[in-house]
Amino acid sequence: MKKTVSHDREEETIKSKTQWFQSLSRKERAELLWQFTDMILSANPNFVEQKDAQPIEGRVLVLSKE
């Protein structure tokens, strides 16, 4: 089997993303977390101070323990 790189968004399934993420080491996963955190804070430095965020209907699934 010949492995190739595809740039087709139709092939970006949740399963393939999960398999890719699981293939990373703990160190690589932590590095990704830091990169995402840095990206968010560079786009919105006040992100940490935001309180009482409300979900946007239909965009985010919020789970709560009753």
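Our structure is the block above this text.
One numbering rule holds for all chains: residues counted from 1, following each sequence as written. Reporting of local features is limited, given that this is a predicted model, to residues whose pLDDT is at least 70; pairs of side-chain atoms are given and counted only at 80 or more, and all residues count toward the totals for whole chains, interfaces and linings. Each side-chain value is derived from all of the structure's non-hydrogen atoms; neither hydrogens nor water enter the calculation.

1. Observations concerning the overall build of the chain
And step 1. Only runs of H or I of at least four residues qualify as helices and only runs of E of at least two qualify as strands under DSSP, and these elements are numbered from the N terminus. When helices and strands are counted, the chain shows two helices and zero strands.
And step 2. With C-alpha atoms as the basis for the radius of gyration, the globule rule is written as 2.2 Å multiplied by the number of residues raised to the power 0.38. The C-alpha atoms of the chain give 17 Å as radius of gyration, which overshoots the globular expectation for 66 residues (11 Å, by more than 25%).
And step 3. Reported as C-alpha extents along the three principal axes, the dimensions of the chain are approximately 50 × 25 × 25 Å.
And step 4. Residues counted as buried form 3% of the 66 residues belonging to the chain.
And step 5. In the form shown here, the chain has an accessible surface area of approximately 7,400 Å², with 55% of it arising from carbon and sulfur atoms.
And step 6. Each charge class in the chain was averaged separately, 11 positive and 11 negative side chains, and the resulting centres sit 8 Å apart. Note on exposure labels: buried denotes an accessible area under 20% of the residue type's maximum, exposed denotes more than 50%, and partly exposed covers the range between, all computed with a 1.4 Å probe on protein chains only. Only the protein chains shown count as cover for residues, and the accessible areas themselves come from Shrake-Rupley with a 1.4 Å probe. Only four residue types enter the tally: Lys and Arg on the positive side, Asp and Glu on the negative side; His and the chain ends are excluded. Charge positions are represented by NZ for Lys, CZ for Arg, CG for Asp and CD for Glu.

2. Focus: the packing of aromatic side chains
And step 1. Aromatic rings from Phe, Tyr and Trp, taking only the six-membered ring of Trp, are treated as a pair when their centres fall within 6.5 Å; an angle between ring planes under 30 degrees marks them as stacked, one over 60 as edge-to-face, and anything in between as tilted. With the rule as written, the count across this model stands at one aromatic pair.
And step 2. Considering the side-chain rings of Trp 20 and Phe 21, the 6.4 Å spacing of their centres and the 55° angle between planes classify their relative orientation as tilted.
And step 3. Among the residues examined, Trp 20 registers a relative accessible area of 47% and is labelled partly exposed.

3. What about the pattern of salt bridges?
And step 1. By definition here, a salt bridge exists when the distance from a side-chain nitrogen of Lys or Arg to a carboxyl oxygen of Asp or Glu is within 4 Å. In this structure the tally under the stated criterion is one salt bridge.
And step 2. Across the pair Arg 9 and Glu 12 runs a salt bridge whose closest N-O atoms are separated by 3.9 Å.

4. Section: a nonpolar patch on the surface
And step 1. On the surface, a nonpolar cluster with roughly 560 Å² of combined accessible area is contributed by Phe 36, Met 39, Ile 40, Leu 41, Phe 47 and Val 48.
And step 2. Mapped onto the fold, Ile 40 is located in helix H2 (residues 26-43).
And step 3. Since its relative accessible area comes to 35%, Ile 40 is described here as partly exposed. Here the term patch refers to residues with relative accessible area over 30% and no salt bridge, with like charges joined within 9 Å and nonpolar side chains (Val, Leu, Ile, Met, Phe, Trp, Tyr) within 5 Å.

5. Details of the environment of Leu 33
And step 1. Locating Leu 33 in the fold gives a position in helix H2.
And step 2. Residues Leu 33 and Gln 54, spaced 21 residues apart in sequence, show a C-alpha to C-alpha distance of 23 Å.

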